[in-house]
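Architecture and fold: a report
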Amino acid sequence: MSWLFGYKSQVSPQGGDGGPEPPGPPPSSAGSAGQMAGDANLTKAERKAMEAYRFDSSALERAAEAARTLERSKHAREALELSKMQENTRQQEYLAKVKEYEAHIEASKVEHKRVDHEERRKTLAEETKQQQQRAQYQDQLARKRYEEQLAQQQRVQEENLRKQEESVAKQEAMRRKTIEHEMELREKNKMKLLEAELRAKAKVDRENRDLTLEQIRLKAEENRITVMEGIKTAGSVLGQGATALLTDWNKVVTTVGGLSLLALGVYTAKGATGVTARYVEARIGKPSLVNETSRFSLLEALKHPIETVKRLKHKPTEALQGVVLQPKLEERLRDIAIATKNTKNNKGLYRNILMHGPPGTGKTMFAKRLATHSGMDYAIMTGGDVGPMGRDAVTAIHKVFDWANTSRRGLLLFIDEADAFLRKRSSEQISEDMRSALNAFLYRTGEQNPRFMLVLASNTPEQFDYAINDRLDEMVEFTLPGLEERERLVRLYFDKFVLQPAAEGKKRFKVEQWDYSAVCSKMAKMCEGMSGREISKLGVSWQAACYASEEGVLTEQMVLDRCEAAARQHRQKMAWLSEQEKLDHKSITGGKGFLTQ
């Protein structure tokens, strides 16, 4: 309602605007001029004081006039209502702007808190990072100090060890010089003594020379006379005996009959001895082709009584006890061992087995274990022994099988390097003697036997004759050990050849302290491609290195050097193989299975 009182409303800080101002009567010019003239003579402070008490009546007049005009108008009530509504609208807009401003202030506070929280979080993160870096730096410093201390201790120990070695070397040199000087003095004394003895002997010989020559002549004369008398006596006796024999026919007949009976006795004794020898060889001894057997024989018992007693007391063991091999191969060999044992207990027919693979993978050892586990005897022969026998090979093979058939417990006949005489007859150039030996072997193995079990071993099974392959019931491949098997083998032989002798306190055999487990794992990687036999020889070389050292102490570097040398020698052996040998040994580089004690 500001327009009713004749003043113009100012724009509010929120952007509100007043209503229209009605025109009022213009102020008097004379009054205005006088007022302005009077105000000009006042000071600034007096003008401000006067403005506080000044009242413009024209505004009231305009308001009264407007009220009268509005009362006379027929739209007075509507204008009043409209005026109220506008005033309410402006109040609502003002309240809305106030709330919006308050919301903006709250949002600003929230944003400020969020920014403050983010800054605190960043500050905490930075402090945490700084603390971690500080801790890492302190840890690095501590580790560096510890490493420096270890290095210093190691240098001190090396220096002490070097001084001790130098002292020992000096003492050893002095001892050697003393011993050499003593030996030199002893040698000089011996030479002087020998020279004196020779001089004395030569002097005696010169003085007794005439007497010695006279004694020699007398002995020669006596010997000549004695020989001549003996010849004359023998001639006269033989002549008289021959004359008496020829003149008496009864003596002649008696002599001829005696000589005939003597010849008959000699021939009969020779034949009986041959028959007896063959019987003893078949029943008591062993054939010439068999190199090793667990079968009891009287001759072997007499030669080796202690070993025979141990063998009789030996109890059957598991076929795979102490064996390192691939799980699938282990399962298959265990099935073969169980089947063989049950076949022996039930007196069934044995199955023939071929074991092939690189050398040194445990074929012979498993055959012995299989026989011992099954309660059978075993016999080992080599195919290379058949060829040099020539025509006698056929007879020797028949003797082996006749001897095998006499076993009461059952015999496991193991033929190592069987491809040496069981080669292909169609493509290989073999002699007639080898062909006859092969035919004899085929004849004796044509049917399965409840008396003996045939086990063949070969590195090149592709060279077997087809008829030999037809007689095989089971074929097992023994391959080189993998990484896990090599590590187990290295640990096994390290314990067997190094730790156990050191623990037993053998002379000149000590082991330094180091991480044995880590070194064994490292050596297992270095021994890639090596067989179990080569790893076993590596264990023996560790002992040799310890025995060859001056102090008799085995160090980590010595063990690694021996392992590196063995790996280098293995690579050299593989490089020496010809192309045909590499084709024949295709299985050398593959597989993981292996057997060992």
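Please refer to the structure higher up on the page.
Below is a short write-up of the structure.

Procedures and definitions
- Residues numbered from 1 in each chain as written.
- Predicted model: local features only at pLDDT ≥ 70, side-chain atom pairs only at ≥ 80, totals over all residues.
- Heavy atoms only, no water.
- Salt bridge = Lys/Arg side-chain N within 4 Å of Asp/Glu carboxyl O.
- Helix = DSSP H or I, 4+ residues; strand = E, 2+ residues; numbered from the N terminus.
- Buried < 20%, exposed > 50% of the residue type's maximum accessible area, 1.4 Å probe, protein only.
- Core = buried A, V, L, I, M, F, W, Y, C linked by side-chain atoms within 4.5 Å.
- Contact = heavy atoms within 4.5 Å.
- Phe/Tyr/Trp six-rings, centres within 6.5 Å; stacked < 30°, edge-to-face > 60°.
- Axes fitted to C-alpha atoms, helices over the stretch in contact; angles between N-to-C directions.
- Parallel < 35°, antiparallel > 145°, perpendicular 65-115°, else oblique.
- Left-handed = near helix turned anticlockwise from the far one by under 90°.
- Nonpolar A, V, L, I, M, F, W, Y, C, P; charged D, E, K, R; others polar.
- Pairing = 2+ DSSP bridges.

**A look at the pattern of salt bridges**
If charged atoms from side chains of opposite charge come close, those side chains can pair. Under the defined criterion, the tally for this structure stands at 21 salt bridges. Close ionic contact of Glu-87 with Arg-90 constitutes a salt bridge, the shortest N to O distance being 2.6 Å. Of the two residues, Glu-87 and Arg-90 both sit in helix H4 (residues 76–207), 3 residues apart, roughly one turn of that helix. Take Glu-87: its relative accessible area is 31%, and that puts it in the partly exposed class. The network of salt bridges with shared partners includes Glu-159, Arg-162 and Glu-166.

**Concerning the nonpolar core**
Nonpolar side chains in soluble globular proteins tend to end up buried together. Of all hydrophobic cores here, the largest spans 31 residues; its most connected members are Ile-415, Leu-422, Phe-441 and Leu-456. Looking at this core, the elements with two or more residues in it are strand S3 (377–382), helix H11 (392–405), strand S4 (411–416), helix H12 (432–444), strand S5 (452–458) and helix H13 (466–470). Ranked by the residues each element gives to this core, the list is headed by H11, at 7 residues. Sequence-distant contacts of Phe-441, defined by excluding residues within four places in its chain, comprise Ile-397, Phe-401, Ile-415, Phe-421, Leu-422, Leu-454, Leu-456 and Ile-468. Formed by 25 residues, the second largest nonpolar core is a distinct cluster that contains Leu-489, Val-511, Trp-514 and Leu-560.

**Brief notes about the packing of aromatic side chains**
All told, the structure shown has 10 aromatic pairs when counted by the stated rule. Here Phe-366 and Phe-478 contribute two aromatic rings whose centre-to-centre distance is 6.4 Å and whose plane-to-plane angle is 50°, an arrangement assigned as tilted. Placement of Phe-366 in helix H10 (residues 363–374) and of Phe-478 in the loop between strand S6 (474–477) and helix H14 (483–504) is noted, with a sequence separation of 112 residues between them. Neither residue differs from the other here; Phe-366 and Phe-478 are each classed as buried. Members of the aromatic cluster, connected to one another through ring pairs, are Phe-401, Phe-421, Phe-441 and Phe-452.

**Some words on the packing of helix H16 (residues 532–548) against helix H17 (residues 556–576)**
Viewed as axis vectors pointing N to C, H16 and H17 meet at an angle of 140°, and their least axial separation amounts to 10 Å. Here H17 runs oblique to H16, going by the angle between their axes. By crossing handedness, the relation of H16 to H17 is classed as right-handed. Along its contact with H16, which presents Glu-534, Leu-538, Ser-541, Trp-542, Ala-544, Ala-545 and Cys-546, the element H17 presents Met-558, Val-559, Arg-562, Cys-563, Ala-566, His-570 and Lys-573. Its residues assigned to classes, the contact of H16 with H17 shows 9 nonpolar, 2 polar and 3 charged.

**What to know about the sheet that holds S3**
In any sheet, the strands associate via hydrogen bonds between backbone groups, in a parallel or an antiparallel arrangement. Spatially, the 6 strands line up as an open sheet ordered S1-S3-S4-S5-S2-S6, and their pairing is mixed. Because the sheet does not close on itself, it has two edges, and the strands there are strand S1 (290–293) and S6. With strand direction ignored, the average angle separating the axes of adjacent strands in the sheet is 20°. Strand direction decides the pairing type here: strand S2 (residues 353–356) and S5, joined by 4 bridges, are parallel. Directly across from Met-355, in S5, lies its bridge partner Ala-457.

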